[in-house]
Structure formats: C-alpha cells, structure tokens
Amino acid sequence: MAFCAVLPLTSCNDWLDGVTQTATVSDEIVWQDAKHVDKNVNAFYTALHRYGQFGETQFGGSLTESLTDAFKYGSVSLGHRAGHPNVYVTDPSVVTPDGCLYNVWSESAAYGSIRQINQFLAMQKQYSKFSEEQNARWEAQARFFRAYLYFQLAKRHGSVIIYENLPESNDKALSSAEETWKFIADDLDFAAANLPKEWADPNAKGRVTQGAAYALKSRAMLYAEQWQAAYDAADKVEKLGLYDLASNYADAWSGNNNECILAFRYNKDSGPYHSFDQYYVPQCDGYDFGATGTPTQEMVECYETKDGKIVDWTPWHETTNQKPPYDQLEPRFAATIIYAGSEWKGRKMDCSVGGKNGEFMAYREQAYSFGKTTTGYFLRKLLDEKLTDIKGQHSSQPWVEIRFAEVLLNKAEAAFRLGKTSEAQTLMNRVRARVGLPSKTSTGDAWFKDYRNERKVELAYEGHLFWDMRRWKLAHIEYNNYRCHGMKITNGTYEYVDCDGQDRKFSSKLYRLPVPTSELKNNKLAKQFDEWK
C-alpha cells in the first residue's frame, strides 16, 4: 500500500527554527550536517501549502473557482474571499502588468522561492561531501519543487525566465513556451529517476516520491499540450501499482489512503495550521464570518442522477413549489455541497430565507455575507465535519495536492488527444464506477464534453477548473456574458435567482498574463507580450 507524500510536521518546524540557528555559520558548515541539509529541503515543501486551496498564493486566498461558474463570493465590499473575485469576473481590465491577484511572478512568490532552490543546488555542488545517492535524493526533491514553482508560472504566462543556476545579473530574456515546458519536464524526469517509489525510513514517509514526480508531470504536460508525454507520465504512475481510488469518494481528499499521491499535513496545536473552515462554514456552526463563498446553481446542475441521467432543471429556472431532485443526484453531490435538507454536523440544513440552519441572503443586501449564503448552498468538500469549535480551534485536515483520480483523468484526456478513444473511455469510466455511475460510450466532441463535466465534478473545488478552462481556450467562450445563479428558498417556494447582478466577462488576452512592470524595469532583456503592449 502506498503512503501519501505528506510533509512531516516536526521537520518543517525544525527548519523554520533552524533558519535563525544556522544564519551565522558558513554554508560550508551547514553542508557538514545532514540534519541541517534536510531542514533546507523541508522548507521547499511549504510551497504545497502556499499554492494549495488552504494557502494564500494561488489567488490571494480566494478560490480560483470563483473565476468560473462554479463558485460565488457573497460580499460586495472589496477584500480577499470577499469582493475582489466579483470584480475580477465582471471587469477583466483590473488585470494589468502592475497588478493581478493570481499573478505569482514576484520575488516574494515564485521567483523568490526558485532563487532559494537554486542557492541550495549551488551550495550542494560546492560543499557537499555526502554520498552520490544522498546528494541525488536531495537534488531530486529540490528540482521537484523548482518544477512545481515553474509550473505555477508557466500555466499563467506560457513563456517565463528560466534560471537553472543563480543569476549573474538582472538581465535575462524570456524563454519560449516550448523551452519552459521542457525545463519543467527535465526537472521532473530527474526527480522521478532519483526518488524512491516509497521511502524506507519511517521519518521520511512524507517526502515526494517517484509517483509524485510522474503525477505532476502528467498534469504539466497537459498544459504543454504534449499529449504523449502526459500519457506516458500518468501511465508510469499507474504501473507503479501503489495507488488506487478510495472506495468512498468522501475519503478521496482525506490524505490517509492510497488515493493520495502528494499532500501537505497540518497540526492544529503546534502548527502549521490553516483556517479554511472558518472561511467557509455556515453561520450556524457558531462563527459569524464564514461562508465567504458558496457553490452556484450552475455547479449543482452538473451532477447526474444516481443512474447516470441528465436532470432537466427547467422547472426550477422559475418560481415553483416543487422540491429540487437533490436526493436523486449521484454521491459526489452530497459529498461536495451542503443543500436544503442535507445533514451537516447533526443538523438538518434549511439554506433558506430566515433559515436557522443556513440562512439565505440576497447578493448586495449587505456589504459582507457574514456566514450566509447568496446561492442557497454551502461548501462541504474539504471542510472538517468533525471540527465543532470553529472559534477556538484551527483547522488541520491535510491539503491533498495530487490524488490518483486526477492522474486517471489526465491519462484519459491524453489518450483521447492521441486517438485512443477506447482507452480514454475506460479510464474515465473507472472514475465514474467509484460512485456507481454507468459507463459513458460517447466519442469525439461528445466524449470531450462528457470528460469536461466529469473532471469538473470529480475534482470540484480542488483548484483545477479555472486553469483547465484557460488551457482549453474555452474561458472566453463560456465565461463571457453570463451570470451565476442560486436557489432562493422561502417557506417551501424555490426561486431561481441571479446572484451576480451584472454580466461576467473573460478577455482572451487573459490566457497569458503579462510580464510585471517591475520585471521590465529591472531586466533590460525582458520584453512584454504583444497583447499587453
């Protein structure tokens, strides 16, 4: 059975303490002690937290799903997990070379971390006297995270500035998109070749593995549109024989089973910890500032029935007394979304106007949502249902960065692009079978439409949808001139409501974020992309 790659907490905290302890000694002395080297490596793992759904870096703390039709932040006033996402989806002009909340180019974000990794690799070459095998494992971990960081840059910009070593000056031109993706692939290939399938040392069980390197490559190569490379990487994960789908979908992101390939672990007492539950629990959990964002009706309508049928939601696109068919929807719906009539922490949820257990509030009724829903739903997935003291305790459920279901879907998409229709069907149907859904036998464009919906539902709120729609070049089509909706429930009456108040927009120039002005000022060789000049 595979052990999920989860960063050991004590190692992370030791490293944070160790920065001060070793700051006054030379790099050469640090490289005489394997424990100090490990602390350097452990610091790289915190990127999984920063760029994960529980961190602050991906979109200033807001979920990027709020830039799609799947999620809505309920506040009008500006702020992270408040009004900022609502401005971003209605006014694309807020994205400029001088500012974008989902741009991570800066020295304090991706490039600062890349510099730290390159510093580590440079010092290793200069001072390390450890065995070739030990050095290779340290280097493999460092290069895994360098690839992870460059992936964050590449999926935003395409072309970026590649630093394989410490820079000799500020002036360096952007590499092409092809060179960028090759650099990422090469780092991940090195990591996969030099990382173990499983770590023998019990104290190292949380470190990245060969499977994690191949899995990340399968993801990255889809963005690069290198279908064979994506297929081969996912295939290698599958052939390791270490991973499988958890029998229960609700356990898929728990981090304690062999669906988990890579995760970051927290500790609510000693740290690190996070506050995801405080941001997203309904007010009836005893916290007045939760439910900052909630799932939309558009997301709800993506779920099939338990026997795989498409629901006709037309009767609920107007006011009706007919109860929506929530209880007929497939298991992933109830595991992902809190809805009227569902059970949450021992309470039956109202999700209605004046509701005691989950109150509805019309968007713009007040500046902040204050734990109320503007869509008629609340987020369930990723929350800790066992956490009852929201005010007094931090959250500590792990963030699962990569799980096996994603790898199967990555392989399915790559197989489809390579003309392996039958295999693509089989892979996607394996994911569907976990929740008892019948197989899909569609082909061509119809299959890809089914696949898009399957990926949206299976990986809901795990940080994929917005980036998928960008890489498919579909955002400017489907995320333009539309509005998101909710279900307003008043004394048993269901009303389909507009929860935006104005059209959402997506400009095709957003498929490639601009080079920041600060980079252009400090780097004579960096040039702005044509669409941003």
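Just so it is clear, the structure is predicted and the values come from calculations on it, not from any experiment.

1. Concerning the overall build of the chain
Within the chain, the secondary structure is distributed over 19 helices and 13 strands. The C-alpha atoms of the chain give a radius of gyration of 23 Å, which matches the 24 Å a tight globule of 533 residues would have. Principal axes of the C-alpha set define a box for the chain whose edges measure 75 × 50 × 50 Å. Sorting the 533 residues of the chain into buried and exposed places 59% on the buried side. Long-range pairs, those at least 24 residues apart, make up 70% of the contacts in the chain with a sequence separation of at least 6. Carbon and sulfur atoms make up 46% of the accessible area of the chain, which totals about 21,200 Å².

2. A few points about the UniProt feature "domain: RagB/SusD" (unreviewed entry) in the chain
Cross-referencing UniProt, the feature "domain: RagB/SusD" (unreviewed entry) maps to residues 258-532 in the present numbering. Structurally, residues 258-532 comprises 27% helix and 13% strand, and the distance from its first C-alpha atom to its last is 44 Å.

3. Side note on the packing of aromatic side chains
All told, the structure shown has 50 aromatic pairs when counted by the stated rule. Taken together, a centroid distance of 5.0 Å and an interplanar angle of 75 degrees make the contact between Y249 and W253 edge-to-face. Comparing Y249 with W253 shows no difference in burial state: the two are buried. One residue, K420, lies across the ring of Y231, its end atom 4.9 Å from the ring centre. Note that R471 overlies the ring of Y223, its terminal NZ or CZ placed 5.3 Å from the centroid.

4. Notes on helix α10 (residues 227-239)
Over its 13 residues, α10 extends 18 Å from the first C-alpha to the last, a length consistent with the 18 Å expected when each residue adds 1.5 Å. Among all positions in α10, only W227, A230, Y231, A233, A234, D235 and V237 are buried. The inward-facing, buried residues of α10 contact α9 (210-223), β3 (260-264), α14 (404-417) and α15 (421-433). A positive backbone phi angle near 70 degrees is found at G241, which sits one or two residues after α10.

5. Regarding a nonpolar patch on the surface
A surface patch of nonpolar side chains, about 290 Å² in accessible area, is lined by F289, Y368 and F370. Its location among the elements puts F289 in the loop between α11 (276-280) and β4 (293-295).

6. What to know about the pattern of salt bridges
In the structure shown here, the tally under the stated rule is 45 salt bridges. When the shortest N-O distance is used, the salt bridge between R219 and E406 registers 2.8 Å. Of this pair, R219 sits in helix α9 while E406 is found in helix α14, placing the two residues 187 residues apart along the sequence. According to the relative accessible area criterion, E406 is buried, its value standing at 1%.

7. Examining the environment of Q134
Turning to its location among the elements, Q134 is positioned in helix α7 (residues 132-157). With relative accessibility at 30%, the residue Q134 sits in the partly exposed group. Here the alpha-carbon distance between Q134 and G346, two residues 212 residues apart in the chain, equals 51 Å.

8. Let's talk about the nonpolar core
Note that soluble globular proteins tend to have their nonpolar side chains buried in a common cluster. In this structure, Y102, F144 and Y150 are the most contacted members of the largest nonpolar core, which totals 159 residues. At 12 residues, the largest contribution of residues to this core is made by α7. Leaving out residues up to four positions away in the same chain, Y102 has contacts with Q58, F59, L67, Y88, V95, R156, F466, W467, L510 and L513.

9. Here's the deal with the packing of α9 against α10
Two elements in contact, α9 and α10, have axes separated by 8 Å at closest approach and are oriented at 155 degrees. Between α9 and α10, the angle falls in the class roughly antiparallel. Here the hand of the crossing between α9 and α10 comes out left-handed. Side by side, α9 and α10 meet where G211, Y214, A215, K217, S218, M221 and L222 of the first sit next to W227, A229, A230, A233, A234, K236 and V237 of the second. Split by residue class, the contact of α9 with α10 holds 10 nonpolar, two polar and two charged.

10. Structural notes on the UniProt feature "domain: SusD-like N-terminal" (unreviewed entry) in the chain
Mapped onto this numbering, the UniProt entry annotates "domain: SusD-like N-terminal" (unreviewed entry) at residues 98-222. As annotated, residues 98-222 has a helix share of 60% and a strand share of 0%, and its two end C-alpha atoms lie 29 Å apart.

11. A word on the packing of α14 against helix α16 (residues 444-458)
The packing of two helices is summarised by the inter-axis angle and the distance between the axes. At a minimum axis separation of 11 Å, α14 and α16 run at an interaxial angle of 165 degrees. Relative to α16, the element α14 lies roughly antiparallel. The two elements α14 and α16 cross, and the hand of that crossing is left-handed. Note on element contacts: α16 touches α14 through G444, W447, F448, Y451, E454, R455 and E458, opposite A405, E406, L409, N410, A412, E413, F416 and R417.

12. Topic: the pairing of β3
Side chains on a regular strand alternate between the two faces of the sheet. Counting buried residues along β3, five of its five residues qualify, which places the element largely inside the surrounding structure. With four bridges joining them, β3 and strand β11 (residues 399-403) adopt antiparallel strand pairing. When the sheet's bridge partners are listed, L262 is paired in β11 with I402.

13. Some remarks on the environment of H49
As for its position among the elements, H49 is in helix α4 (residues 46-50). Residue classification places H49 among the partly exposed positions, given a relative accessible area of 21%. Between the alpha carbons of H49 and V400 there is a distance of 9.6 Å; along the sequence they are 351 residues apart. Beyond its immediate chain neighbours, meaning those up to four positions away, H49 contacts F54, G55, F264 and Y266.

Criteria and cut-off values
- Residues numbered from 1 in each chain as written.
- Predicted model: local features only at pLDDT ≥ 70, side-chain atom pairs only at ≥ 80, totals over all residues.
- Heavy atoms only, no water.
- Helix = DSSP H or I, 4+ residues; strand = E, 2+ residues; numbered from the N terminus.
- Rg over C-alpha atoms; globule rule 2.2 N^0.38 Å.
- Buried < 20%, exposed > 50% of the residue type's maximum accessible area, 1.4 Å probe, protein only.
- Contact = heavy atoms within 4.5 Å.
- Areas by Shrake-Rupley, 256 points an atom, 1.4 Å probe, with all protein chains shown as cover.
- UniProt positions renumbered as here; feature names shortened; annotations may be inferred.
- Phe/Tyr/Trp six-rings, centres within 6.5 Å; stacked < 30°, edge-to-face > 60°.
- Lys NZ or Arg CZ within 6 Å of the ring centre and 35° of its normal.
- Expected span 1.5 Å × (residues − 1).
- Patch = residues over 30% accessible without salt bridge, like charges linked within 9 Å, V, L, I, M, F, W, Y side chains within 5 Å.
- Salt bridge = Lys/Arg side-chain N within 4 Å of Asp/Glu carboxyl O.
- Core = buried A, V, L, I, M, F, W, Y, C linked by side-chain atoms within 4.5 Å.
- Axes fitted to C-alpha atoms, helices over the stretch in contact; angles between N-to-C directions.
- Parallel < 35°, antiparallel > 145°, perpendicular 65-115°, else oblique.
- Left-handed = near helix turned anticlockwise from the far one by under 90°.
- Nonpolar A, V, L, I, M, F, W, Y, C, P; charged D, E, K, R; others polar.
- Pairing = 2+ DSSP bridges.

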